[in-house]
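Per-entry structural report
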There are 2 protein chains.
Amino acid sequence: MSTVLKYATKRRTIRKFDSNPINIEDVLMALKIGAQAPSGANYQPWRFIIIDDPKLKRRIREASEDGEKEFYKKVSGDWAEWLESKKLNPSKPFLEEAPLLVVVLAQNGIPYSTESVWTAIGYILLALEELNLSTVTYTPSDTKRVLEVLNVPETFRLEAILPIGKSNDTKIKEPRYEISDLVRFNNWHL
Amino acid sequence: MSTVLKYATKRRTIRKFDSNPINIEDVLMALKIGAQAPSGANYQPWRFIIIDDPKLKRRIREASEDGEKEFYKKVSGDWAEWLESKKLNPSKPFLEEAPLLVVVLAQNGIPYSTESVWTAIGYILLALEELNLSTVTYTPSDTKRVLEVLNVPETFRLEAILPIGKSNDTKIKEPRYEISDLVRFNNWHL
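Residues numbered from 1 in each chain as written. Chains lettered and ligands numbered in written order. Predicted model: local features only at pLDDT ≥ 70, side-chain atom pairs only at ≥ 80, totals over all residues. Heavy atoms only, no water.

**Quick notes on the interface of chain B and chain A**
Counted only if it meets this: By the convention used here, residues are in contact when the closest approach between their heavy atoms is within 4.5 Å. A quick way to say it: buried area is the sum, across both parts, of accessible area lost when two parts are put together, with a 1.4 Å probe. By salt bridge we mean one thing: a side-chain nitrogen of Lys or Arg within 4 Å of a carboxyl oxygen of Asp or Glu. To qualify as a helix, a DSSP run of H or I must reach at least 4 residues; to qualify as a strand, a run of E must reach at least 2; elements of each kind are numbered from the N terminus. Lys, Arg, Asp and Glu make up the charged group, whereas Ala, Val, Leu, Ile, Met, Phe, Trp, Tyr, Cys and Pro make up the nonpolar group; the residues left over, Gly among them, are polar. Pairing between strands is defined by DSSP: at least two bridges between the two strands are required.
At the junction of the two partners, chain B supplies 72 residues and chain A supplies 72 residues. For the pair chain B and chain A, the two sides together bury roughly 6500 Å², of which 65% comes from carbon and sulfur. Joining chain B to chain A, the criterion identifies zero salt bridges. Of all the elements in the fold, those that place two or more residues in the side of chain B that touches chain A are helix H1 (3-10), helix H2 (24-34), strand E1 (46-51), helix H4 (77-85), helix H6 (113-130), strand E3 (156-164) and strand E4 (183-185) of chain B. If you tally residues by element for the side of chain B that touches chain A, the top one is H6 of chain B, at ten residues. Each residue belonging to the side of chain B that touches chain A can be placed in one class, and the counts come to 42 nonpolar, 16 polar and 14 charged. Where strand E4 (residues 183-185) of chain A meets E1 of chain B, three bridges bridge the pair, whose relative direction is parallel. Paired with Phe 185 of chain A across the bridge in E1 of chain B is Ile 50 of chain B.

**With respect to the relation of the copies chain B and chain A**
For clarity, the cut-off: The copies were overlaid with a least-squares fit restricted to C-alpha atoms from residues scoring a pLDDT of at least 70 in each copy.
Mapping chain B onto chain A calls for a rotation angle of 180° and an axial translation of 0.0 Å; the resulting RMSD is 0.0 Å. Each copy turns onto its partner about a two-fold axis. A share of 100% of interface residues in chain B that are also interface residues in chain A marks the association as one of identical surfaces.

**Focus on the sheet that holds E4 of chain A**
Applicable threshold: All axes here are fitted lines through C-alpha atoms, helices being fitted over the stretch that makes contact, and every angle between N-to-C directions spans 0 to 180 degrees.
Taken in spatial order, the four strands line up as E4(A)-E1(B)-E2(B)-E3(B) in an open sheet, and their pairing is mixed. The strands lining the two open edges of the sheet, one partner per strand, are E4 of chain A together with E3 of chain B. When the angles between neighbouring strand axes are averaged without regard to direction, this sheet yields 25°. Where strand E2 (residues 100-107) of chain B lies against E3 of chain B, eight bridges are found, and the strand directions are antiparallel. Bridge pairing in E3 of chain B places Gln 107 of chain B opposite Phe 156 of chain B. Against the sheet, H2 of chain B touches E4 of chain A together with E1, E2 and E3 of chain B, its axis set at about 170° to E1 of chain B.

Everything listed here is a matter of coordinates, which is why it stays silent on function.
Right, dumping it as structure tokens:
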């Protein structure tokens with residue numbers, strides 16, 4: 001079987017982590033792999049802040065949860081139903097429980113910077129899977145508070161926080177559509 | 001060496017293709033791998049149109065180049081300099097020369113759909129590398145004309161066109177920053 005297929009299929013989003021420390025060299029390897037992704041005009045608009053200080057993880061968690069509380073007051077429709085169905089709520093314990101967080105930043109004013117950074121995140125997810133590490137691509141509802149905690153200048157924005165660690169989560173992977181439901185040939189109309 | 005590292009490092013953007021047909025099963029495998037990516041609320045907002053009809057490839061090329069010609073009249077600054085330095089111009093022959101195109105669509109009105117689709121594209125790029133196929137993540141300056149050619153409804157937008165084939169390009173990979181230039185610890189300030 002294709003190796004990439006194996007990692008892509010096996011990889012699932014994890015929100016509960018074993019709190020034991022992980023090897024930071026593994027995390028640096030995953031980021032090094034992400035930094036090999038292509039980017040618009042090869043600007044490489046990604047930057048990463050690795051956080052392992054427990055006090056700082058707590059502050060990131062608090063800054064994120066403050067924003068989530070405001071978001072949950074306003075959310076409605078399909079998105080609210082999905083949050084409810086998955087028992088998601090403003091509490092984000094994984095930001096403290098994971099041994100390490102990677103805050104993924106994108107440079108502002110660079111063409112295709114969001115697209116480029118998320119291509120790199122795709123690389124990072126597969127790299128982490130190969131390294132037997134788990135994560136969730138979490139984007140706080142209010143990124144400004146987190147950026148302030150980390151003293152990030154206004155030339156960068158937050159795209160995602162990746163809490164990284166060994167999985168302590170027993171839930172199964174969310175089902176995916178069959179490829180035949182996603183692909184058409186030579187026209188939108190079948 | 002890590003397998004994902006190997007594919008990520010080896011993989012480079014290709015704009016010149018051998019026009020010989022490729023195995024469509026390989027392309028479907030790469031898309032199947034992409035469709036294993038995580039997405040906001042597991043909406044899986046990605047759809048793919050595979051194009052191998054030469055007449056249709058020509059129409060996609062024309063629709064794209066019409067938009068590029070208008071874009072190149074307006075572009076300025078760093079971006080214009082980069083385009084100039086790379087000898088890029090409104091001509092997009094790879095849209096006709098590659099044996100096959102994959103048009104990557106994203107569902108509108110879905111939270112984090114751009115982020116989700118580009119995570120999937122990250123997976124697809126590594127999958128294609130393993131399959132010994134090359135591509136470039138090309139986004140037309142004006143996507144509307146291409147969507148019209150393919151009769152895509154307004155509920156979807158175009159994120160990228162991936163021309164796929166065997167490389168016929170001798171250029172080397174663009175250099176990447178060292179990981180030490182991209183990573184900070186526990187704070188933006190070193």
